[in-house]
Amino acid sequence: MELYSINTASIYYPFVEDLFHSAFPEKERRLDKDQRENIDDQPLMSCLLISENSAPVGFITKWDFGKFLYIEHFAIALDRRGQGLGSASLAYFLQIHSGIPVVLEVEPPVSIEAQRRVEFYQKAGFHLCKLSYSQPAYPDRANVSFDMNIMCYGSISQMFLEKVVFQLYSVVYQINN
């Protein structure tokens, strides 16, 4: 299992973009041009290609805010799911970033699929945070926010979590608070 930071000039970026489209509904992703711009020009954001035996199997987009990391998107190719690659790559990611709190968003566990996703992250050591949270719409998307939950890896106080949300809203979603 390997993680490589790539940009849109990489021969593997079309794999990432195709997986991005198939793994996430439109409301949970920014426009392609904006995603590419962030990957190439936003110093806080990285696109990590997940590979096994030199073959691409998934990706993680992360934001490094110094005191915490935010996993914005994480996906394994459909034909490679169920083989432990997601668990292994997430464990490897957390090992590389040991000691730094990590946050991510998940849908409320009201459907079986959403419940499985929450359980996947719980098995990796994440916990659901007690915070009412709405994911804002990405710029240039339908201006509709929707309920999400934040999951945390590592110890995060409620006050720090509120600062995390402020950073997500102002930097990732570009909302001026």
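The structure presented is a predicted model; accordingly, all values stated were derived computationally and were not measured.

A. Region of interest: the packing of helix H1 (residues 13–23) against helix H2 (residues 32–41). Relative orientation of the contacting elements H1 and H2 amounts to 130°, with a least axis distance of 12 Å. One element, H1, and the other, H2, form an angle in the oblique class. Crossing of H1 against H2: the hand is right-handed. For the pair H1 and H2, the contacting residues are Tyr 13, Glu 17, Phe 20 and His 21 in the first and Asp 32, Gln 35, Arg 36 and Ile 39 in the second.

B. Quick look at the state of the cysteines. One pass over the full model with this rule turns up one disulfide. Note on cysteine connectivity: Cys 129 is disulfide-linked to Cys 152, with sulfurs 2.2 Å apart. Remark: Cys 152 occurs in strand S8 (residues 146–153) and Cys 129 occurs in the loop between strand S6 (127–128) and strand S7 (133–135); sequence separation between them is 23 residues. Just as Cys 129 is buried, Cys 152 falls in that class too.

C. The nonpolar core, seen in detail. Tyr 70, Val 103, Tyr 133, Ile 150 and Leu 168 are the most contacted members of the largest nonpolar core, which totals 32 residues. Ranked by the residues each element gives to this core, the list is headed by helix H5 (residues 158–172), at six residues. Leu 69, Phe 93, Val 118 and Phe 126 belong to the second-largest nonpolar core, a separate cluster that totals 20 residues.

What counts and what doesn't
- Residues numbered from 1 in each chain as written.
- Predicted model: local features only at pLDDT ≥ 70, side-chain atom pairs only at ≥ 80, totals over all residues.
- Heavy atoms only, no water.
- Axes fitted to C-alpha atoms, helices over the stretch in contact; angles between N-to-C directions.
- Helix = DSSP H or I, 4+ residues; strand = E, 2+ residues; numbered from the N terminus.
- Parallel < 35°, antiparallel > 145°, perpendicular 65-115°, else oblique.
- Left-handed = near helix turned anticlockwise from the far one by under 90°.
- Contact = heavy atoms within 4.5 Å.
- Disulfide = S-S within 2.5 Å.
- Buried < 20%, exposed > 50% of the residue type's maximum accessible area, 1.4 Å probe, protein only.
- Core = buried A, V, L, I, M, F, W, Y, C linked by side-chain atoms within 4.5 Å.

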